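Examining the three-dimensional arrangement
In case you want the letters, here they are:
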Amino acid sequence: MPVIHRHSGFTLLELLVTVSIAAILMAIAIPQFQTQGLGASRAQGGRLLMAALNQARSEAIARNTTVSVCRRNYFTTGSTPTCAIGSGKWSQGWIVYRDTNGTVDTSEPASADDIIGVFDPVGRVTADGSGDAFTIKLSATADTPVVQFGSNGRAAQSLNFTLCDNSGRLKDSRRVEIALSGYVSLRAISTADTTGACA
């Protein structure tokens with residue numbers, strides 16, 4: 001009698017059940033990974049903004065002159081980064097530069113030699129803002145395009161920057177606070193405060 005060998009393997013039903021379970025687990029896991037990625041990007045943006053402001057303050061004291069941080073005109077075609085004075089958003093990055101005349105105009109920074117640091121956008125940004133991952137809300141008497149530090153390290157005005165998630169996945173936010181003394185701090189704010197600051 002010939003010997004019949006049985007080959008073990010998966011039945012079609014077992015394979016379908018396994019694929020279904022894997023699809024369900026992926027559907028649960030992917031949004032969590034996206035939320036973690038958004039949270040990490042926002043936290044990094046807050047740290048970078050705080051670092052730029054502290055750098056500007058230190059350079060103002062060291063150079064005994066006014067040093068400014070402006071929102072960057074990220075979509076400009078020029079070889080030298082420029083400030084977005086008339087329009088633009090802080091979410092498109094910022095520039096730390098030596099302010100030779102202490103006034104804010106559309107020619108900032110006046111020279112490439114005045115640039116101290118250039119920072120890229122927080123997360124994803126688009127020219128019209130419709131696809132931005134984050135919005136940086138500026139809490140001030142006016143939507144100022146520039147933060148200035150004098151040679152004594154003091155800020156021209158006290159300001160708050162709030163980093164808001166445009167997707168709505170993150171329930172809390174980060175706030176960078178600048179005191180008149182020039183001291184810069186970063187802190188998390190509650191969901192209730194986020195709703196008020198980011199509305």
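See the structure above.
Figured I'd write up the structure that's included with this text. (Residues numbered from 1 in each chain as written. Predicted model: local features only at pLDDT ≥ 70, side-chain atom pairs only at ≥ 80, totals over all residues. Heavy atoms only, no water.)

**Let's talk about the pairing of strand β7 (residues 173-178)**
- Where strand β6 (residues 159-165) meets β7, 5 bridges bridge the pair, whose relative direction is antiparallel. The partner of Leu-159 across the bridge, within β7, is Ile-178.
- Looking at chain direction, β7 and strand β8 (residues 184-189) are connected through 6 bridges and run antiparallel. Following the sheet pairing, Ile-178 is matched in β8 by Val-184.
- Where β7 folds back on β8, the antiparallel hairpin that results is connected by 5 residues, among which Gly-182 adopts a positive phi of roughly 100°. (Pairing = 2+ DSSP bridges. Helix = DSSP H or I, 4+ residues; strand = E, 2+ residues; numbered from the N terminus.)

**Side note on the sheet that holds strand β2 (residues 94-98)**
- One open sheet holds the 4 strands; their spatial order is β3-β2-β1-β5, and the pairing between them is antiparallel. Because the sheet does not close on itself, it has two edges, and the strands there are β3 (115-119) and β5 (146-149). On average, each strand axis in the sheet is inclined to that of its neighbour by 15°, with strand direction left out of account. (Axes fitted to C-alpha atoms, helices over the stretch in contact; angles between N-to-C directions.)

**Comments concerning the state of the cysteines**
- Per the counting criterion, the structure on display carries 2 disulfides.
- Between Cys-70 and Cys-83 runs a disulfide, and the two sulfur atoms are separated by 1.9 Å. On the S-S bond that ties Cys-70 to Cys-83, the torsion sits near -75°, and the link is left-handed. One end of the pair, Cys-70, is in strand β1 (residues 67-71); the other, Cys-83, is in the loop between β1 and β2, and 13 residues separate them in sequence.
- For the protein chain, the bonded cysteines pair up as 1-2, 3-4 when numbered in the order they occur along the sequence. (Disulfide = S-S within 2.5 Å.)

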